Structures are given as structure tokens and as C-alpha cells.
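These are the residues of each chain, in order.
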Amino acid sequence: MQLPAHGANPRRLYEAMHMDMPSSYIDFSVNVNPFPLPDEYMPTEQQWVRWMSVYPEERSETLRAIIAEREHVTRSNVFVGNGAAECIYLLAQQFAKKHIGIIEPTFSEYERACETYGCTIHSFLLDEHGQPPIDQIIECLSSLHALFVCHPNNPTGTAWSEETMHTLLNAAHDEGVYVVVDEAFYDFWIDGYSVSSFLRTFDRLIVLRSLTKMYRLPGVRLGYVLAHEYVIKKMMEKQPPWSVNTIAQQMAKQLLKDDAFVERTKVYIASERKRVFEQLNELGYKYSPSVVNFYMLYDETITLFPFLLQHGIVARHTFNFRGLDGKYVRFAVRTKEENDHLLFYLRRWKQ
């Protein structure tokens, strides 16, 4: 059985499970914002036509300047890519044939990208509370060239303390190890911290961001990297010209001007997550202590996933996450109505 490697692909998932696809379903496997952008953020018809008819800036110069101002760095510290995936593969290319550490379970593209460029992978597993084996990682740093960290983590949704992160970054700095911290879901974390504040302290820190998740733009493809200008220069040397299209660049320029949509979403998701967790506690489910817009449920029998598919609820399987072995199911935090629909079937499954 070859299940899709990522979420957001219900048709292929039903086919792989040899199940008839229902006429209606709710996709909890895709962990983007459940709310569409407000109308004021959407381009007009005239803008669409104009943007489609002109070449994009070859290296996203204007957008890089806007991001640099927001992040309190210089433009030479910013790289804009065709989604976070392009950024990951360009970084992996810089690390070709090196020894790379990956803290897992995590986004599978780190490993795929590094293996594409002949890297040797060393895995470190989070504990049941989503915390890293920090002493083990530090002990192995001298044998690594780079370390990939997803924080907050995907698929668990968990985060570490700022002290733990600083300890890791400091140890990696002493050993000359690059640390790539993927903050794709940072925007959903209330009262969270970003490692971007450490960029001036640690010159081998690389911060990866995505506009896909918060702004619900997976089809537009836009991600960026904050790092030392040496890293950025190397990435730009390998990036094809016009990699980031005009529509992506123009939409990002508008969206990054206003944080109101982000704040409204962040508060709503936190409130819904708290409400869902309270009901999961009542039902006796074991779940990951997520701080973002998705979480995992434990299912040792591996029967919850197909049960939900039968009832039009598409969850994210965890068979291709190292250390999970399919015994967890990941769900996005969606609207109240959709979350209630999920909770209804979670109650039925317990009966």
C-alpha cells in the first residue's frame, strides 16, 4: 500500500486505501489556515491580468527588502523561494555529501532533499512529549555538518523552551555546525518566540519561513530564508531566474503590510485547539501537546484512520514519519463546525 507522502491529496489517499471516495468530505490532513483571505487582500481582475502579463523581478528584490525590514536584517540576509520546498532543496545542495542531522519525526522533504544530494542522515527522535534528546544531539554535533529542526514541530505541533533552543544553537555554533530551523508554523503560535532574534549571535543559523500555511496559499508557492549573506549568496547562485512568479511576489507584498489577519487567525485557532483538547480529554484520547494549528492522536490499533475515511474525514497518516509507525493520526484545527463534526465521529469510534 503506497500512501501519499504528504497531506492534502484525498483522491490519491482513497485510491491507495482501495476505498470509494465519498461525495463530500472534510480534509483535516492539510494544515493551512481554515479561513480564506478577506476580500480586501484578494487581487482585482485588473491586477490578475497585469501580473500575469509581466515578468517577475528576477531575484524578488522588492519583496526581499520588505522582508528584511520586517525581520530587522539586511536584504543580503534574505532569500525568497518558490515555496519552502525550493529553499530546502537549495540548502541541501549546499550540504551535498555531508553528514546531516534531522530531529524527527518531521517533514519528510528534509531527508529526501539531503539524500538527493548524497548526504548521510543521522536521526534524533523527539520524546513522547515532543522534546529533543538535547544531550545526545550535542554529543554528536562534532560529526555533523548541518542539523534540520522543525520548530514548532510538524507533525506533533510541539515546541521547546527558548532556553533549550539557545543551548542547542550555542553548542552547534561552537562546533561550526549549520542549524536550519523551519518555522513554517511559527505564525500560529501565540506568545511563541522566533529564532530569528538569534541571527546576529549565531552566523550558521538558517531560518526557514513559509507564507503558504498562514495565508492559505499552497498553490501560489512562496517561502523565504533568513541567514548569513554567504548562505544566501550560495542559494541565489543555484536558483533558476524568475523562480518566484509575479503573482506570488505581488500578493506577498500586500499581505506582509498587515498583521491583523494573522492575529485574528492565531487567536481563533488557539481557542478552538483548547476547546477540542478539553473534549479529547473527556473522551480519553492521548494527543500531542500542540501549540499550533494541528495535533496528533494516538491510535495503537491503527483502525481510527480508515474508520474516519469511511465517514468522509480525511486525516494525515503517520506511516512515513520516523518513530511513529502509523500509530498516530494528525488533524488540522479547522472551524468550530468542522471540528465538531470530527469530534462526533471520534465519540462514535470510542463507543
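It should be noted that the structure appears before, not after, this text.
Reading the values: rules and limits
Numbering of residues begins from 1 in every chain and follows the order in which that chain's sequence is written. Per-residue local features of the predicted model are confined to residues with pLDDT of at least 70, and side-chain atom pairs are confined, for both listing and counting, to 80 or more; whole-chain, interface and lining totals are unaffected and use all residues. Side-chain figures throughout are based on the complete set of non-hydrogen atoms in the structure, without hydrogens or water. What counts as a helix is a DSSP run of H or I of at least four residues, what counts as a strand is a run of E of at least two, and both are numbered from the N terminus. In this setup the radius of gyration rests on C-alpha atoms only. A globule is expected at 2.2 Å times the number of residues raised to 0.38. Partly exposed describes any residue whose relative accessible area lies between the buried limit of under 20% and the exposed limit of over 50%, with all areas from a 1.4 Å probe on protein chains only and scaled to the type maximum. Here, two residues are considered to be in contact whenever any of their heavy atoms come within 4.5 Å of each other. Here the Shrake-Rupley method, with its probe set to 1.4 Å, supplies the accessible areas, and only the displayed protein chains count as covering residues. Positive charges come from Lys and Arg alone, negative charges from Asp and Glu alone, with His and the N- and C-terminal ends not counted. The atom standing in for a charge is NZ when the residue is Lys, CZ when it is Arg, CG when it is Asp and CD when it is Glu. Take a side-chain nitrogen of Lys or Arg and a carboxyl oxygen of Asp or Glu: if they are within 4 Å of each other, that pair is a salt bridge. A pocket here means an open set of points on a 1 Å grid, computed over the protein atoms alone, that has protein on both sides within 12 Å along at least five of seven lines. A cavity is instead a set of points where a 1.4 Å probe fits but cannot get out; residues with an atom within 4 Å of a point line either one. Grid points are joined across faces, edges and corners, and a volume is the space filled by probe spheres set on the points. Residue classes follow a fixed rule: Ala, Val, Leu, Ile, Met, Phe, Trp, Tyr, Cys and Pro count as nonpolar, while Asp, Glu, Lys and Arg count as charged, and any other residue, Gly among them, counts as polar. An axis is simply a line fitted to the C-alpha atoms; with a helix, the fit covers only the stretch in contact. Between two such axes, the angle follows the N-to-C directions and lies from 0 to 180 degrees. Working definition: roughly parallel below 35 degrees, roughly antiparallel above 145 degrees, roughly perpendicular at 65 to 115 degrees, and oblique for all remaining angles. By convention in this document, the label disulfide applies to cysteine sulfur atom pairs within 2.5 Å. Pairing of N or O atoms within 3.5 Å defines a polar contact, subject to two protein rules: one partner must be a possible hydrogen donor and the other a possible acceptor, and residues neighboring in sequence count only if both atoms are side-chain atoms. By definition, two strands form a pair when at least two bridges between them are found by DSSP.

Peer 1: Looking at this model, I keep getting lost on the overall build of the protein chain. Mind explaining?
Peer 2: Looking only at helices and strands, the protein chain has 13 helices and 11 strands in total. By the compact-globule yardstick of 20 Å for 351 residues, the protein chain fits well, its C-alpha radius of gyration being 20 Å. Taken along the three principal axes of its C-alpha coordinates, the protein chain extends 60 × 55 × 40 Å. Considering the protein chain as a whole, with its 351 residues, one finds that 56% of them fall into the buried category. When contacts within the protein chain are restricted to residue pairs at least 6 apart in sequence, those whose partners lie at least 24 apart make up 72%. Roughly 15700 Å² of accessible area belongs to the protein chain as shown, and the carbon and sulfur atoms make up 49% of that amount. The protein chain carries 36 positive and 43 negative side-chain charges, and their two centres are separated by 4 Å.

Peer 1: Looking at this structure, I do not really get the pattern of salt bridges. What am I missing?
Peer 2: Pairing between side chains of opposite charge can happen when the charged atoms of each approach one another. Per the stated rule, a full pass over the model turns up 14 salt bridges. Between Lys266 and Glu263 there is a salt bridge, with the nearest N and O atoms lying 3.7 Å from each other. Separated by three residues within a single helix, Lys266 and Glu263 lie in helix 11 (residues 260–283), roughly one turn from each other. Among the salt bridges present, the one from Glu278 reaches Lys274, with a minimum N-O distance of 2.8 Å. Placement of both Glu278 and Lys274 in helix 11 is noted, with a separation of four residues, approximately one turn of the helix. For Lys274, a relative accessible area of 52% gives the class exposed. Through salt bridges with shared partners, a single ionic network connects Glu272, Arg275, Lys336 and Asp340.

Peer 1: Which parts of the structure should I look at to understand the layout of surface pockets?
Peer 2: To find leftover empty space, one rolls a probe the size of a water molecule over the atoms. What the largest pocket holds in volume is close to 520 Å³. His6, Asn31, Phe107, Asn154 and Lys213 are, among the 28 residues lining the largest pocket, the residues nearest its centre. Where the lining of the largest pocket is concerned, the elements lending two or more residues are helix 4 (83–94) and helix 8 (212–215). The biggest single contributor to the lining of the largest pocket is helix 4, with three residues. Residues belonging to the lining of the largest pocket are distributed by class as follows: 13 nonpolar, nine polar and six charged.

Peer 1: Hey, could you run me through the packing of helix 4 against helix 9 (residues 229–238) in this one?
Peer 2: With their axes 10 Å apart at the nearest point, helix 4 and helix 9 run at an angle of 105° to one another. Relative to helix 9, the element helix 4 lies roughly perpendicular. Note on element contacts: helix 9 touches helix 4 through Val231, Lys234, Met235 and Lys238, opposite Cys87, Leu90, Leu91, Gln93 and Gln94. Here the residues of the contact of helix 4 with helix 9 are counted per class, giving five nonpolar, two polar and two charged.

Peer 1: Looking at this structure, I do not really get the state of the cysteines. What am I missing?
Peer 2: Any covalent bond linking the sulfur atoms of two cysteines counts as a disulfide. Tallied over the entire structure, the rule returns zero disulfides. Left without a disulfide partner, Cys87 is nearest to the cysteine sulfur of Cys114, which lies 14 Å away. With relative accessibility at 0%, the residue Cys87 sits in the buried group. No disulfide involves Cys150; its sulfur sits 14 Å from the nearest other cysteine sulfur, which is in Cys114. By relative accessible area, which is 4% here, Cys150 ends up buried.

Peer 1: Help me out: how do you make sense of the side chain of Arg275 in this one?
Peer 2: In this structure, Arg275 sits in helix 11. A polar contact of 2.9 Å, which involves the side chain of Arg275, links it to the side chain of Asp340. Residue contacts for Arg275: discarding those within four places in its chain leaves Lys336, Asn339 and Asp340.

Peer 1: What am I meant to see in the pairing of strand 7 (residues 205–210) here?
Peer 2: A regular strand carries its side chains on alternate faces of the sheet. In terms of residue burial, strand 7 counts as a mostly covered element, since six of its six residues are buried. Of the two faces of strand 7, the one holding Leu205, Val207 and Arg209 and the one holding Ile206, Leu208 and Ser210 are both buried throughout. Pairing of strand 7 with strand 8 (residues 223–226) involves four bridges; the strand directions are antiparallel. Bridging across to strand 8, Ser210 finds its partner in Gly223.

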